[in-house]
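Geometric and topological summary
Below are the chains, spelled out letter by letter.
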Amino acid sequence: MKDLVLYCKSYRRDFLRVKRLLATIEKYNTDHIPFYISTPQEQYEDLISVLGSTQGFLWVSDESIVASNPRAPLGIEKTRSGSLSQQAIKSEFWRLEIAENYVCLDSDCIFIKEFAKADFLAPDGNPYTVIYQNKEFFQLALNRGLDKVELNLCKEGDRVKALFGREGPNYYCPCPPFIWSAKVWRSLDETYLQPQGLTFWDISSDDHPETLLYLEALLNFKAIPLHPVEQLFRIYYYDWQYYLLRRTGETEDKLKKNYLGVIYQSNWDWAMDFGQPRKAIASRMLRRIKRIGRYLQSYI
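Residues numbered from 1 in each chain as written. Predicted model: local features only at pLDDT ≥ 70, side-chain atom pairs only at ≥ 80, totals over all residues. Heavy atoms only, no water.

1. A look at the sheet that holds strand S4 (residues 101-105)
The five strands are arranged S3-S2-S1-S4-S7 in an open sheet whose pairing can be described as mixed. Looking at which strands have only one partner, the edges of the open sheet turn out to be strand S3 (58-61) and strand S7 (178-181). The mean inter-strand angle of the sheet, taken between neighbouring strand axes irrespective of direction, is 30°. Bridge count for strand S1 (residues 5-9) against strand S2 (residues 35-39) is four bridges, and the pairing is parallel. (Pairing = 2+ DSSP bridges. Helix = DSSP H or I, 4+ residues; strand = E, 2+ residues; numbered from the N terminus. Axes fitted to C-alpha atoms, helices over the stretch in contact; angles between N-to-C directions.)

Take a look at the structure:
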């Protein structure tokens, strides 16, 4: 079993983004950490047609990840929304016993500088844990009058804390890359889920996202030492946030001092959608131009 791998769960719409991610991994992966991609079985040929070859990554099917949990009904991923299915499959990747730890990436991640195992694993061999209270983003949202952003995330944190009976501050790791330990996921399964006759599919929901379930499992069951680090990638949750930070002088080159990469959210970086009809592209372009115009007008 490997000590560390990179992993991305993807699907057809994001294959152009995966191609971009793969190019940055090939450029900056100084320790040659193995990179795994999973997709539905029936989308494998499309993946290869976009990436051009099978070089630079190893592929596993989503179905094999689902089947690796003997208590999960086969085909359960087809009964869930795409987002819920994706978060459960990512969280169950450890069951393949490929690696003790994995860096879970989204398709819209981009590395911007060299990285190595030491960026993800502490000297004792355990992974770092990205964990923080998210105050910077909450303040940005508050400054723009978006009070509900913090309110909704706090409610989410409270709901997941309540599952484990933990009191105290809410902690977050809302964006990839996530550095996940198989030991933590196993402790959640053996200590919390199995005694109640549950699987991860039963508790993973919009109200209980996988990122908070992992953090709470780590804090409650202590399967590994907590080596806290801050966010590894700069994420632009919304296009208004991107343009606001650009106005302050932020560039990818400057980000290299503090971040390994950047994430341009796929829900607004729509030009990278694979197979999107031109009519849909034009419609989204018009909406985005109007939105940017309203944003810029507020500064004139």
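Back to the text.
2. A look at helix H2 (residues 44-51)
Within the span of H2, buried status applies to Leu 47, Ile 48, Val 50 and Leu 51. On an axial view of H2, the arc spanned by its buried residues comes to 165°, and they lie on one face. Summarising the geometry of H2, the exposed residues directed more than 90 degrees from the buried face are Glu 45 and Ser 49. Turning to H2, the residues buried within the fold contact helix H1 (15-28), S2 and S3. A positive phi of about 90° marks Gly 52, the residue just after H2. (Buried < 20%, exposed > 50% of the residue type's maximum accessible area, 1.4 Å probe, protein only. Arc of directions from axis to C-beta. Contact = heavy atoms within 4.5 Å.)

3. Description of the confidence of the model for the protein chain
In regions of low pLDDT, the predicted coordinates are not meant to be interpreted in detail. The pLDDT averaged across the protein chain works out to 87; a share of 87% of its residues lies at or above 70. Of the regions scoring below 50 in pLDDT, residues 280-300 engages in 22 contacts with residues more than four places distant in sequence or in other chains. (pLDDT = per-residue confidence, 0-100.)

4. What about the packing of aromatic side chains?
A complete count under the given rule lists 18 aromatic pairs for this structure. Judged by centre distance (6.0 Å) and plane angle (75°), the rings of Tyr 7 and Tyr 102 are edge-to-face. In this pair, Tyr 7 sits in strand S1 while Tyr 102 sits in strand S4, placing the two residues 95 residues apart along the sequence. Looking at Tyr 7, the relative accessible area reads 0%, which means it is buried. Residues Trp 185 and Phe 200 carry aromatic rings whose centres are separated by 5.4 Å and whose planes lie at 85° to one another, so their mutual orientation is edge-to-face. Placement of Trp 185 in helix H7 (residues 182-193) and of Phe 200 in helix H8 (residues 200-203) is noted, with a sequence separation of 15 residues between them. Here Phe 200 falls in the buried class, since its relative accessible area comes to 2%. Members of the aromatic cluster, each reached through a chain of ring pairs, are Tyr 7, Tyr 36, Phe 93, Tyr 102, Phe 178, Trp 180, Trp 185, Phe 200 and Tyr 214. (Phe/Tyr/Trp six-rings, centres within 6.5 Å; stacked < 30°, edge-to-face > 60°.)

5. Some thoughts on helix H10 (residues 239-247)
Listed in full, the buried residues belonging to H10 are Asp 239, Trp 240, Gln 241, Tyr 242, Leu 244 and Leu 245. Of the residues flanking the end of H10, it is Gly 249, one or two places downstream, whose phi is positive at about 100°.

6. Regarding the packing of H1 against H2
Contact pair H1 / H2: the axes reach a minimum separation of 9 Å and the direction vectors enclose 50°. Considering the angle they form, H1 stands oblique to H2. Judged by the sense of rotation from one axis to the other, the crossing of H1 with H2 is right-handed. Residues Phe 15, Leu 16, Val 18, Lys 19 and Leu 22 of H1 touch H2, and the partners they reach there are Asp 46, Leu 47, Val 50 and Leu 51. For the contact of H1 with H2, the residue count by class is seven nonpolar, no polar and two charged. (Parallel < 35°, antiparallel > 145°, perpendicular 65-115°, else oblique. Left-handed = near helix turned anticlockwise from the far one by under 90°. Nonpolar A, V, L, I, M, F, W, Y, C, P; charged D, E, K, R; others polar.)

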